[in-house]
Amino acid sequence: MTRMSLVALNLVFILALVSCKTEPKEKDNTAAISIDSLLQLRYQKLLEYPLDSVGFPRSYTPETNKINKVPSKDWTSGFFPGNLWHLYQLTGMDAYKERAAEWTPFLEKEKFNDRTHDMGFKVFCSFGEGLKVQENEAYKKVIVESAQTLATRFNENVGSLRSWDFNRDIWEFPVIIDNMMNLELLFEATRISGDSTYHNMAVVHANTTLANHYREDGSTYHVVVYDTITGAVKDKVTHQGINDDSSWARGQAWGIYGYTMTYRYTRDPAYLERAKASAAFFLEHPNLREDGIPYWDFDDPKIPDAVRDVSAATIVASAFFELSTYDDDPKYLAYANKVLDNLMTPEYVLEAHVDAPFILDHSTGNWPKNDEMDEPIVYADYYFLEALLRQRQ
Ligand code: GLY
């Protein structure tokens, strides 16, 4: 071999080495991320996020690198403090408890806000979660006062709490399936105060929803509109699904969680049957993705190119850990564990460099309004952390 060809060979060898070194490693989207790595990767960001009494982090838009913040009156405001309470329970680290206790009082004024049914989301996911880790008379008082306010939205003729106040010209008395989630606040207010009014109101609301919100196949309508004089159903429509007859994934999730939780407080088998039938619809749907994360609406014709909704998966996973304690069918635990395994991978956990106080990507907030599409949203994290806690328990 000539000296020249030897030099050339060496050069090729060196270039090969360099290219080996610099070639980016292909990202393995399915590699499991441990709980310890989650702490470093993401939990820390929630702790470090600066206190803001009027701006609760709700979602993050990667394209603009913007953290979307909301005031306490927004339905999602309670989730961020709730996430910190969850993180304290998961890690045992006092710093999370201290931070949660700093954020939570910013929501107290909502106990007098009678313009919304979202009292449970706001107050129960914050103050209520705080009560799970420590006795606190002031927190209990906030829960009972909030229940008093929420109760003003109950209509005897309809047998339900009014959900929204907008669209009054077309919706006389709208009730959305999401409203089932607010019943937990009422049940707890009765436990705390001994006043059965709240518990009884929650049961009537659950019965009315049971009678009118569900289809034969176990799926739920989003909005049912009632006549306030006769209590008759006037319309069954959607606000956040793709059409009135479709199955909006998060709506299905609220129903499954809502009836599982209502069974916990009442032991009425009708609620358990409702939760199980709706769970079957969800689990057996041919459009449910292999990894368990649903598309935002089961009936989007763009499937399989439709966006996903991680929040629907985390709500159902959390509900299924509870449902599995009431029913032996292994499919509930199987789904819940699968979802947590699949979420704890680089496909769903936000990368360390994303400087926003969220954990999971790929939720869809309001598709019809093209709002919060396929991005991190605070309530997906809330039910993810709750599911992790329930899995451990
Ligand atoms: N409760 C509103 C939603 O689920 O988007």
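Preceding this section is the structure that the text describes.
Every value quoted in this text rests on a predicted model; they were computed, and no experiment measured them.

## Quick notes on the overall build of the protein
Okay, so step 1: Across its full length, the protein carries 13 helices and seven strands.
Okay, so step 2: Computed over its C-alpha atoms, the radius of gyration of the protein comes to 23 Å, within 12% of the 21 Å expected for a compact globule of 393 residues.
Okay, so step 3: C-alpha atoms of the protein, sized along the principal axes, occupy 100 × 45 × 45 Å.
Okay, so step 4: When the 393 residues of the protein are sorted by exposure, 59% land in the buried category.

## Quick word on the sheet that holds strand β6 (residues 223–226)
Okay, so step 1: Taking strand neighbours across the sheet as the criterion, the three strands line up as β5-β6-β7 in an open arrangement whose pairing is antiparallel. A strand with exactly one partner marks an edge of an open sheet, and here the two such strands are β5 (174–176) and β7 (233–237). Across the sheet, the mean angle from the axis of one strand to that of its neighbour is 20 degrees, orientation sign disregarded.
Okay, so step 2: Two strands pair when backbone bridges link them, and β6 and β7 are joined in this way by four bridges, in the antiparallel orientation. By the bridge assignment, Tyr 226 is partnered in β7 with Val 233.

## Here's the deal with the side chain of His 205
Okay, so step 1: Checked against the element boundaries, His 205 lands in helix α8 (residues 197–212).
Okay, so step 2: When its relative accessible area of 0% is taken as the criterion, His 205 is described as buried.
Okay, so step 3: Once residues lying within four places of it in the same chain are set aside, the contact partners of His 205 are Gly 159, Ser 160, Leu 161, Val 175, Asn 179, Met 180 and Leu 183.

## Observations concerning the site of the ligand
Okay, so step 1: Lining the immediate environment of the ligand, one finds Trp 75, Asp 178, Gln 240, Trp 248, Arg 250 and Trp 254.
Okay, so step 2: One of the side-chain nitrogen or oxygen atoms of Gln 240 is found 2.8 Å away from an oxygen atom of the ligand.
Okay, so step 3: When the free accessible area of the ligand is taken as 200 Å², the share hidden by the protein chains comes to 93%.
Okay, so step 4: Residues belonging to the shell around the ligand are distributed by class as follows: three nonpolar, one polar and two charged.

## Quick notes on a negative patch on the surface
Okay, so step 1: Taken together, the side chains of Asp 235, Asp 244, Asp 245 and Asp 299 present a region of like negative charge at the surface.
Okay, so step 2: Looking at the element boundaries, Asp 299 is found in the loop between α10 (269–284) and α11 (310–323).
Okay, so step 3: Classification of Asp 299 by relative accessible area gives partly exposed; the value is 33%.

## Looking at the packing of aromatic side chains
Okay, so step 1: Tallied over the entire structure, the rule returns 32 aromatic pairs.
Okay, so step 2: When the centroid spacing of 5.0 Å and the interplanar angle of 65 degrees are considered together, the rings of Trp 75 and Phe 121 count as edge-to-face. Residue Trp 75 is found in the loop between β2 (66–70) and α3 (79–91), and its partner Phe 121 is found in helix α5 (residues 119–133); the two are separated by 46 residues along the sequence. The residues Trp 75 and Phe 121 share a single accessibility class, namely buried.
Okay, so step 3: Of the aromatic side chains, those joined through ring pairs into one cluster are Trp 75, Phe 79, Phe 121, Trp 254, Tyr 257, Tyr 379, Tyr 382 and Tyr 383.

## Some details on the pattern of salt bridges
Okay, so step 1: Summed over the entire model, instances satisfying the criterion amount to 26 salt bridges.
Okay, so step 2: Across the pair Lys 234 and Glu 172 runs a salt bridge whose closest N-O atoms are separated by 2.7 Å. Of this pair, Lys 234 sits in strand β7 while Glu 172 is found in the loop between β4 (160–161) and β5, placing the two residues 62 residues apart along the sequence.
Okay, so step 3: With its nearest N and O atoms 2.9 Å apart, the salt bridge here joins Arg 308 to Glu 347. Placement of Arg 308 in the loop between α10 and α11 and of Glu 347 in the loop between α12 (331–343) and α13 (378–392) is noted, with a sequence separation of 39 residues between them.

## Points about the side chain of Lys 111
Okay, so step 1: Within the element layout of this structure, Lys 111 appears in the loop between α4 (94–103) and α5.
Okay, so step 2: With relative accessibility at 8%, the residue Lys 111 sits in the buried group.
Okay, so step 3: Of note is the side chain of Lys 111, whose polar atom sits 2.7 Å from the side chain of Glu 108.

## Observations concerning helix α2 (residues 35–48)
Okay, so step 1: If you check α2, its first and last C-alpha atoms are 18 Å apart, about what 14 residues at 1.5 Å a residue would give, namely 20 Å.
Okay, so step 2: Residues Leu 38, Leu 39, Arg 42, Tyr 43, Lys 45, Leu 46 and Leu 47 constitute the buried set of α2.

## Details of the pairing of β6
Okay, so step 1: Covered by surrounding structure in β6 are Val 223 and Val 225 together with Val 224 and Tyr 226, the residues of both alternating faces.
Okay, so step 2: Strand direction decides the pairing type here: β5 and β6, joined by three bridges, are antiparallel. Counterpart to Val 175 in the pairing with β6 is Val 224.

Thresholds applied
- Residues numbered from 1 in each chain as written.
- Predicted model: local features only at pLDDT ≥ 70, side-chain atom pairs only at ≥ 80, totals over all residues.
- Heavy atoms only, no water.
- Helix = DSSP H or I, 4+ residues; strand = E, 2+ residues; numbered from the N terminus.
- Rg over C-alpha atoms; globule rule 2.2 N^0.38 Å.
- Buried < 20%, exposed > 50% of the residue type's maximum accessible area, 1.4 Å probe, protein only.
- Pairing = 2+ DSSP bridges.
- Axes fitted to C-alpha atoms, helices over the stretch in contact; angles between N-to-C directions.
- Contact = heavy atoms within 4.5 Å.
- Near = heavy atom within 4 Å.
- Polar contact = N/O pair within 3.5 Å; in protein donor to acceptor, adjacent residues only side chain to side chain.
- Areas by Shrake-Rupley, 256 points an atom, 1.4 Å probe, with all protein chains shown as cover.
- Nonpolar A, V, L, I, M, F, W, Y, C, P; charged D, E, K, R; others polar.
- Patch = residues over 30% accessible without salt bridge, like charges linked within 9 Å, V, L, I, M, F, W, Y side chains within 5 Å.
- Salt bridge = Lys/Arg side-chain N within 4 Å of Asp/Glu carboxyl O.
- Lys, Arg positive; Asp, Glu negative; His and termini not counted.
- Charge placed at Lys NZ, Arg CZ, Asp CG, Glu CD.
- Phe/Tyr/Trp six-rings, centres within 6.5 Å; stacked < 30°, edge-to-face > 60°.
- Expected span 1.5 Å × (residues − 1).

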